[in-house]
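# Summary of structural features
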Amino acid sequence: MNRTLLIVKPDATDRNLIGHVVNRLEKARFKVVEMRMLTLTEEQARKFYAVHEGKPFLNDLVAFMTSGRVVPMVLEKENAVEDLRTLIGATNPANAACGTIRSEIALNIEKNSVHASDSNENAAIEIAFFFE
Ligand code: ADP
Ligand code: MG
């Protein structure tokens, strides 16, 4: 078993899509083992996305991620990190494979509804960011 972090982003919480996302995850055999809801401060959002320091989209991303509620959750499954990245689809929904979560509900490359850790190492760091 392997763990990863998913965040339901503000565009999805605003459109009442928390349940939809959880349903997609559970149908794909991910087990939700931790979950909470919060509104990120600017400081928290900058820290979470520190890897994107210097990117042209960072300020807009921080503004978006602090604009509403987010729902981080820890998911457990065999091969969780890779399988979750496959299930959510590409960053830009225009490029996301048919049937992926982002292809169905993401609004655009920024407001793309969900975050998922991209490696086991980052999953551990991101899980620790939100959960003890
Ligand atoms: P992913 O979330 O697929 O791992 P990245 O780590 O590259 O994607 O980017 C983090 C987040 O920053 C994306 O999910 C998206 O919300 C936003 N983002 C990425 N690239 C862009 C871009 N070119 N323009 C606007 N927002 C972007
Ligand atoms: Mg990423």
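As shown above, the structure is provided for reference.
Residues numbered from 1 in each chain as written. Chains lettered and ligands numbered in written order. Predicted model: local features only at pLDDT ≥ 70, side-chain atom pairs only at ≥ 80, totals over all residues. Heavy atoms only, no water.

## Re the layout of surface pockets
- Each pocket or cavity is described by its volume, and for the largest pocket that value is around 690 Å³.
- Going through the elements one at a time, helix H3 (42-48), helix H4 (58-65), strand E4 (114-116) and helix H7 (120-130) are the ones with two or more residues in the lining of the largest pocket.
- Top contributing element to the lining of the largest pocket by residue count: H7, with four residues.
- Residue composition of the lining of the largest pocket, grouped by class: ten nonpolar, five polar and eight charged. (1 Å grid on protein atoms, 1.4 Å probe; cavity = no way out; pocket = protein on both sides within 12 Å on 5 of 7 lines; lining within 4 Å. Points joined across faces, edges and corners; volume = space filled by probe spheres on them. Helix = DSSP H or I, 4+ residues; strand = E, 2+ residues; numbered from the N terminus. Nonpolar A, V, L, I, M, F, W, Y, C, P; charged D, E, K, R; others polar.)

## Here we look at the site of ligand 1
- What surrounds ligand 1 is the set Lys-9, Tyr-49, His-52, Phe-57, Leu-61, Arg-85, Thr-91, Arg-102, Ile-109, Glu-110 and Asn-112.
- One nitrogen or oxygen atom from the side chain of Lys-9 is found 2.9 Å from an oxygen atom belonging to ligand 1.
- Contacts to ligand 1 include Thr-91, whose side-chain N or O atom sits 2.5 Å from an oxygen atom.
- Judged by the fraction of its atoms near the pocket grid, ligand 1 is located in the largest pocket.
- Looking at the shell around ligand 1 residue by residue, the class counts come to four nonpolar, three polar and four charged. (Near = heavy atom within 4 Å. Polar contact = N/O pair within 3.5 Å; in protein donor to acceptor, adjacent residues only side chain to side chain. Sits in = over half its atoms within 2 Å of the grid points.)

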